[in-house]
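Structural description and commentary
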Amino acid sequence: MSNQKIIFFDIDGTLYNNEKMVPESTKEAVKAVKDAGHIVAIATGRSPFMYEDLRESLGIKTFVSMNGNYVVYEDELIYTNPLDAKRLEDITEIAMENDHPLVYLDDKNMLSNMPEHEYMTEGISTLKLGFMPGHNPDYHIDRDIYQSLLFCPKGEEHVYKKQFDDSFQFIRWHAYSMDISPKNGSKAEGIKKVIDKMAFNINDVYAFGDGPNDIEMLQYVPNSFAMGNAQEEIKLQAKHVTKSVEDNGILHGLQSANLI
């Protein structure tokens, strides 16, 4: 269809409410926009194995994972951007010295360098995955790792930011945890890979998000929507602001964009 659009949705705080559930109005809105002939995709900080059920329930086959560093179009892997292995080993050594756990993520698993730690338990539990990371301190060796989680309290990250600014970017998502992504990685970069693959016009792209890791995406996509539950600085980066996820925000946004 000549007027086909593609809509990228963040997961946590966007598709998922506070209980990590998809509201009924969101399910209906996603179905309606697909029935209208548009493409629904995901752009998330999560690894693909963390939201298989969500993709299946919503019928989604295109996704930008791990903050743009693992990209799949129609079930085909089209782009990867792993962390620099040497620098990851360097930051692991410093984190161990500071008693700060690291979790290594690829597309199939998440394993930590420490068997347990209160910061890790506190942070991971908020994702409501139903499990904690396994323990394998060597998981990052001779393997592509697309994202890492650094567990350290607010105010203690400056050590890492100062030493690894050349290779990594750090995005805090919890009082005790930060995403570590490649310096050049972002959801916006992942979305570019998808629309290049599709030969899509950027003006036919829409995006919904609510968090710090959505900023580049909300700035890049011309039809961007910040959720009503986003912090004010996030809302300022989007072209539009919809209602909160708890108040039919996805439905409202898609209707206001005349997509359903």
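A brief look at the structure comes next. Residue positions within a chain follow its written sequence, with the count starting from 1. Note on the predicted model: pLDDT of at least 70 is required for a residue's local features to be given, and 80 or more for side-chain atom pairs to be given and counted; whole-chain, interface and lining totals, by contrast, use all residues. Heavy atoms throughout the structure, all of them, feed into the side-chain values; hydrogens and water do not.

Regarding the side chain of Thr92
Topologically, Thr92 is positioned in helix H3 (residues 85-97). A distance of 2.9 Å separates the side chain of Thr92 from the side chain of Tyr104, its partner in a polar contact. Other than its neighbours up to four places away in sequence, Thr92 contacts Leu102, Tyr104, Asn113 and His140. Put simply, DSSP H or I for four residues or longer makes a helix, DSSP E for two residues or longer makes a strand, and each gets a number counted from the N terminus. Contacts described as polar in this section are N or O atom pairs within 3.5 Å, which, within protein, must combine one atom able to donate a hydrogen with one able to accept it, while residues neighboring in sequence count only if both atoms come from side chains. Should any heavy atoms of two residues lie within 4.5 Å, those residues are counted as being in contact.

Quick look at the side chain of Arg87
By the secondary structure assignment, Arg87 is in helix H3. Exposure is judged per residue with a 1.4 Å probe applied to protein chains only, and the accessible area is read against the type maximum: over 50% gives exposed, under 20% gives buried, and values in between give partly exposed. A relative accessible area of 18% places Arg87 in the buried class. Among the polar contacts made by the side chain of Arg87, one reaches the main-chain carbonyl oxygen of Gln163 at a distance of 2.7 Å. Ignoring any residue separated from it by four or fewer positions in sequence, one finds Arg87 in contact with Gln163, Phe164, Asp166, Ser167 and Phe168.

Observations regarding the environment of Asp99
In this fold, Asp99 is placed in the loop between H3 and strand E6 (102-105). A relative accessible area of 42% places Asp99 in the partly exposed class. Separated by 18 residues in sequence, Asp99 and His117 place their C-alpha atoms 8.9 Å apart. Here Asp99 is in contact with Met114 and His117, once residues within four sequence places are set aside.

Notes on helix H4 (residues 118-125)
Every α-helical turn comprises 3.6 residues, leaving residues that sit three or four positions apart pointing alike. Within the sequence span of H4, burial applies to Tyr119, Met120, Gly123 and Ile124. End-on view of H4: buried residues confined to an arc of 110°, all on one side of the axis. Note that the arc is computed from the directions linking the helix axis to the C-beta atoms.

Some words on the sheet that holds E6
Adjacent strands of a sheet form backbone hydrogen bonds with each other and so pair up, either parallel or antiparallel. In this description, strands pair whenever DSSP reports at least two bridges between them. Pairing is mixed across the open sheet formed by six strands, whose spatial order is E8-E7-E6-E9-E11-E10. A single partner strand is all that each edge strand has here, and the edge strands are strand E8 (134-135) and strand E10 (168-174). Here strand E7 (residues 110-112) runs beside E8; their pairing, made up of two bridges, is parallel. Pairing of Ser112 across the sheet is with His135, part of E8. To get an axis, fit a line to the C-alpha atoms, keeping to the stretch in contact for a helix; angles then go from 0 to 180 degrees between the N-to-C directions. Most of the contacts of H3 go to E6, to which it runs at about 155°, and overall it touches E6, strand E9 (147-151), E10 and strand E11 (177-182). Contacts from H4 reach E6, E7, E9 and E10, with the element oriented near 120° to E9.

Considerations on the layout of surface pockets
For cavity detection a 1 Å grid was placed over the protein atoms alone, and a set of points counts as a cavity when a 1.4 Å probe fits there but cannot get out; an open set counts as a pocket when protein lies on both sides within 12 Å along at least five of seven lines, with lining residues being those that have an atom within 4 Å of a point. Grid points are joined across faces, edges and corners, and a volume is the space filled by probe spheres set on the points. Taken as a whole, the largest pocket holds about 880 Å³ of empty space. Lining the largest pocket are 33 residues, with Asp12, Trp173, Asp210, Gly211 and Pro212 positioned closest to its centre. Mapped onto the lining of the largest pocket, the elements with two or more residues apiece are E9, E10 and helix H8 (232-235). By volume, the second largest pocket is sized at about 270 Å³. Residues that form the lining of the second largest pocket fall into these classes: 10 nonpolar, one polar and five charged. Side-chain classes follow a simple rule in which Ala, Val, Leu, Ile, Met, Phe, Trp, Tyr, Cys and Pro form the nonpolar group, Asp, Glu, Lys and Arg form the charged group, and the remainder, Gly included, forms the polar group.

Overview of the sheet that holds strand E5 (residues 76-80)
Pairing is mixed across the open sheet formed by eight strands, whose spatial order is E5-E4-E3-E2-E1-E12-E13-E14. In this open sheet, the two strands that pair with only one neighbour each are E5 and strand E14 (240-241). Across two bridges, strand E13 (residues 223-226) lies against E14 in parallel orientation. Within E14, the position partnered with Phe225 by the bridge is His240.

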